[in-house]
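Examination of the molecular architecture
Residues per chain, in single letters:
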Amino acid sequence: MDNDTKLLTVALVLMLLGFPLTALGTEQELTWLWITGLVVVGLGALIPPVSRYAIDGDGDEGDNDSGDD
Amino acid sequence: MNESNVPLDLFHWALALSPVVVLLVLLAVLRWKAPQAGPIGLFVGALVALLAFQTPWDTLAVGVGKGVWDAIFILLVIWPALLLYRVTDRAGAFDALRKGITKFSQNDLFLVLAFGWVFASFLQGIAGFGTPIAVVAPLLLAIGVKPVMAVVIPLIGHAWANMFGTLAVGWLATLQVIDVEDLTRTAFETAILLWIPNLAAGLFIAWLVGRGKGVVQSLPMVGVITVIHGGGQLVLTLWDPVLSNFLAATAAMVVLYPLSRWKRYSDEFEGDVLVLRDSDSEGDSAPTDEAGEEEKERVEAEPPMGLSMAFLPYLVLTVTSVVVLVIPPVEQAFETVEIGMAFPAVDTGYDAGEEREDPYSPFTPFTHPGFFLLISAAAAYLVYRWRGYYREWSKTADQSGSVWSGVFEDATPASVAVVSFLVLSKVMDHSGQTETLALGVAEVAPPAVFAFASTWIGVLGAFMTSSNTASNVLFAPLQQTVAASEGLAESSIIAAQSTGGAVGNAIAPANVVLGTGTAGIVGQEGQVLRKTLPWSLAVTVLVGVGTVVLTQIV
C-alpha cells in the first residue's frame, strides 16, 4: 500500500469513528464523548488537504488530466 | 419542535451557498481531487453553521454523526462493487466480455447505449444506490471506452430512473414526509417530466459517441427504448408506481436482442467513435514501451472464459436482487435484521431543529445492494477459481498485488470523499442552511418563476446528498408548502422536485466519486463534471419549462 493510501485510510478510519462517538455522546448527553467524535472527524478530514501541501510540496500534484475528454 | 425562522436575507443565502460554490470551484476549476476538496467544503459548511446560523456544537455533532452514517450506506456499495470488479478482472472476465460482446455486435454506438443507458437503467431499477455507476463503468472500460467517459455515460444514462427505481424507494420516501392529495396524478406528472431526462440521456450519449452521425444512427434505437422506458413508466404509474420503472427497464433490456440483430446495429458504426480510447493495441503500429507491449499481449490473448461465464456475476446480481426485493415474503424475511443508532432532537438559534430519531435511518444489511454485490463477488471468485481462470490468466496479465490491496487503493480515496460530502450535506441541513437556500428562492419568485425553479431545488438537494430520495425528504415538504401559498398545483411541483432530484444524481459529487473510484481515475472528478454538468443544466431548464407548462394546463 502506498503512502497516499495509508494516509487516506487513517483519515477514513478517523472519520468513520465519528459516527458511534457522536451518536452515543449526544444520545447519552456525554459532552466529552461527542466532542471527541467531532475532533476525530475533524482530524480525519484535515489529513487529505494538509497532505496535499505538506507531503506533496507546493500542492501541485501534476495534471489530473489523463488526456480523456 | 418550533417552526424554523431561518434568515432569508441575501447575505445568509450567499453564505449558505458558499460550501457548494467552494466545492465546485475546487473540483471543476482548480481540479483538486475529491478526497481533498470534500473536506474543505465540509469545514466551510461547519464554519458557516457555527458563525452565521447560530448552530450549537451539539447540533453540529449530530449533523456530523448522521452524515457519517449516511455515507456508510454508500460505502457499503462502493467496496463490494470494487471487490467484484477486481475479482472478475483478475480472472480475465472483462477481456472475455470485450471479445465476446464485439462478436455479438460490432457497433460501438449500440454497445455504449446498451450498457451505458439501458443496462444502467435496469440496474437502477433493481438495485440503485450507485450500483449502476459502480457496475457499468468497468463494463464500459472493458469494451474500450475512455475512463472519464465510462463514468460520464452511466451517470447520465441512469439518472432518469432514480425516482421510481429501486422499487420506487424515492417515491415511497416522499410519501413518508408529505400527504399527497392525488397520488395517481402526482405519480403520472412525475413520470411525464422524467421522460425528458430519459430521452435526453439517450440522445446525449449517442452524441458523445459519434456527434451528429451518432445521433442520426441511434434514432430508431433511442426512439424504441425511450418509448419503452419513459412511455412504459408513464403508463405503469397509473397501475403501480412501485413496479413502473423496474418493469419498463426490464422490458427495454429484452428489446436489446432484436435490436442487435438489425444490421444497422450489428454492423460497425461508420463514423469516428469519440468515446473509445486511442488504442493501438488492435493491430495498428506496434507500441515501443514495455507497458504498451504487455497491453498489446493482453488484448490479443484469448481470455480463459467465454461470454456467458463472464456475465455470471451480473446474472447472480440480477437474480439475487430480484428474488429478494420483488418477492414480498422474502423481502420481509431479509428485512428483519436492522442496524442503526439513535440521535437526539437538536435545535439552532433560528429554530432549525431536527426531531429525535431512534434509530436514525436504519439499514437492513440483507436487502442492501452491497449484500447482492458481495454475493456476486463471492460467486464469481468461487466459480472462477474452481475453473482455474486465475491461474490461466496470470500467465498473460500482470497480477502484482493482492485483490484486497487493489480494492483499498481504489476505494479509500472515494470513501473519504463520500464521507465528506454526506457530512457537509447533513451539517447544512441541521443548521438550516439548506432551508435558507430553498426558501430564499421561493421568497423572491413569482408563481411561474417558482414553478420553473422548483426543479432546481430538487437538483440542489440531489447534488448535496447524491440521492433523489434524500432530496425529496429534504425539500418535498417545503415545496408542497410553497406550492400551496403560490396557488400552484401540488402534483406538478412535487413532480418537478422529484425529477430535479433524479437529474441531480448525474452531478452529485458522491456519485461522481463512486464512478471515478470504480474506473480507477480518482482525481478526475472535475473532468467528469465538465461533461455531466452542462447536460444536467440543460435538462433542468427543459424540465423547468415542462413544469411551467404542466401548471398552466393541468
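The structure reproduced in this document is the subject of the present report. (Residues numbered from 1 in each chain as written. Chains lettered and ligands numbered in written order. Predicted model: local features only at pLDDT ≥ 70, side-chain atom pairs only at ≥ 80, totals over all residues. Heavy atoms only, no water.)

The subject of this paragraph is a nonpolar patch on the surface. Residues and elements named next belong to chain A. Taken together, the side chains of I35, V39, L43, L46 and V50 define a hydrophobic patch exposed on the protein surface, amounting to about 400 Å² of accessible area. When you line up the elements, V50 lands in helix α2 (residues 31–54). Look at V50 and you get partly exposed, because its relative accessible area is 44%. (Patch = residues over 30% accessible without salt bridge, like charges linked within 9 Å, V, L, I, M, F, W, Y side chains within 5 Å. Areas by Shrake-Rupley, 256 points an atom, 1.4 Å probe, with all protein chains shown as cover. Salt bridge = Lys/Arg side-chain N within 4 Å of Asp/Glu carboxyl O. Helix = DSSP H or I, 4+ residues; strand = E, 2+ residues; numbered from the N terminus. Buried < 20%, exposed > 50% of the residue type's maximum accessible area, 1.4 Å probe, protein only.)

In an α-helix, one full turn covers 3.6 residues, which means residues spaced three or four apart are oriented alike. All names here are of chain B. Counted at 1.5 Å a residue, the expected span for helix α20 (residues 447–465) with its 19 residues is 27 Å, and the 27 Å between its end C-alpha atoms agrees. Its maximal kink placed at A453, α20 deviates by approximately 30 degrees. Taken across its 19 residues, α20 has 14 buried, putting it largely inside the fold. Directly after α20, the chain includes S466, whose backbone phi takes a positive value near 60 degrees. (Expected span 1.5 Å × (residues − 1). Bend = angle between axes of the 7 residues up to and from the residue.)

Moving on: the packing of aromatic side chains. The geometry of an aromatic ring pair comes down to the distance between the two centres and the angle between the two planes. In the structure shown here, the tally under the stated rule is 21 aromatic pairs over all chains. Judged by centre distance (5.8 Å) and plane angle (20 degrees), the rings of F204 of chain B and W207 of chain B are stacked. In this pair, F204 of chain B and W207 of chain B are both assigned in helix α9 (residues 183–237), three residues apart and thus about one turn of the helix distant. Residue classification places F204 of chain B among the buried residues on the basis of a relative accessible area of 17%. Judged by centre distance (5.9 Å) and plane angle (85 degrees), the rings of F343 of chain B and Y360 of chain B are edge-to-face. On the criterion of sequence distance, the pair formed by F343 of chain B in the loop between α15 (328–334) and α16 (369–386) and Y360 of chain B in the loop between α15 and α16 is long-range, its members being 17 residues apart. Comparing F343 of chain B with Y360 of chain B, the two get one shared label, buried. Seen from the ring of W32 of chain B, R52 of chain A lies directly overhead, with NZ or CZ sitting 4.2 Å from the centre. The side chain of R211 of chain B reaches across the aromatic face of W207 of chain B, ending 4.1 Å from its centre. (Phe/Tyr/Trp six-rings, centres within 6.5 Å; stacked < 30°, edge-to-face > 60°. Lys NZ or Arg CZ within 6 Å of the ring centre and 35° of its normal.)

Of the residues lining the interface, 33 residues belong to chain A; the matching set on chain B comes to 42 residues. Between chain A and chain B the total buried area reaches about 3300 Å² when both faces are included, carbon and sulfur atoms providing 71% of it. Where chain A touches chain B, the interface holds one salt bridge. With its nearest N and O atoms 2.1 Å apart, the salt bridge here joins E27 of chain A to R356 of chain B. On the surface where chain A and chain B come into contact, there are two residue pairs in polar contact (both at pLDDT 80 or more). The set of elements that each furnish at least two residues to the side of chain A that touches chain B consists of α1 (3–27) and α2 of chain A. For the side of chain A that touches chain B, a count of residues per class yields 18 nonpolar, seven polar and eight charged. (Contact = heavy atoms within 4.5 Å. Buried area = accessible area lost by both parts, 1.4 Å probe. Polar contact = N/O pair within 3.5 Å; in protein donor to acceptor, adjacent residues only side chain to side chain. Nonpolar A, V, L, I, M, F, W, Y, C, P; charged D, E, K, R; others polar.)

Before going further, it helps to spend a moment on the environment of W117 of chain B. Residue and element names in this part refer to chain B. Following the sequence through the fold, W117 ends up in helix α5 (residues 108–126). By relative accessible area, W117 is classed as buried at 0%. Between the C-alpha atoms of W117 and W13, which are 104 residues apart in sequence, the distance is 37 Å. Setting aside residues up to four positions removed in sequence, W117 forms contacts with V112, G157, W160, N198, A201, G202, I205, V222, I225, T226 and H229.

What follows is about empty space enclosed by the protein. Residues and elements named next belong to chain B. This structure, assessed with the given rule, holds two cavities of 30 Å³ or more. Computed from the structure, the largest cavity encloses a volume of approximately 60 Å³. Lining the largest cavity, in full, are V20, L23, F421, L424, F463, M464 and P509. Counting only elements with at least two residues in the lining of the largest cavity, the list comes to α1 (10–29), α18 (403–431) and α20. The space that makes up the second largest cavity amounts to roughly 40 Å³. Forming the walls of the second largest cavity are A81, L84, Y85, F94, A134, V135, P138, Y314 and L373. Within the residue set of the lining of the second largest cavity, elements represented by two or more residues are α3 (57–89) and α6 (131–142). The class makeup of the residues in the lining of the second largest cavity is nine nonpolar, no polar and no charged. (1 Å grid on protein atoms, 1.4 Å probe; cavity = no way out; pocket = protein on both sides within 12 Å on 5 of 7 lines; lining within 4 Å. Points joined across faces, edges and corners; volume = space filled by probe spheres on them.)

All names here are of chain B. Applying the stated rule across the entire model yields seven salt bridges over all chains. Here K66 and E357 are joined by a salt bridge, their closest N and O atoms 3.4 Å apart. Of this pair, K66 sits in helix α3 while E357 sits in the loop between α15 and α16, and the two are 291 residues apart along the sequence. You can call K66 buried: its relative accessible area is 1%. Classification of E357 by relative accessible area gives partly exposed; the value is 28%.

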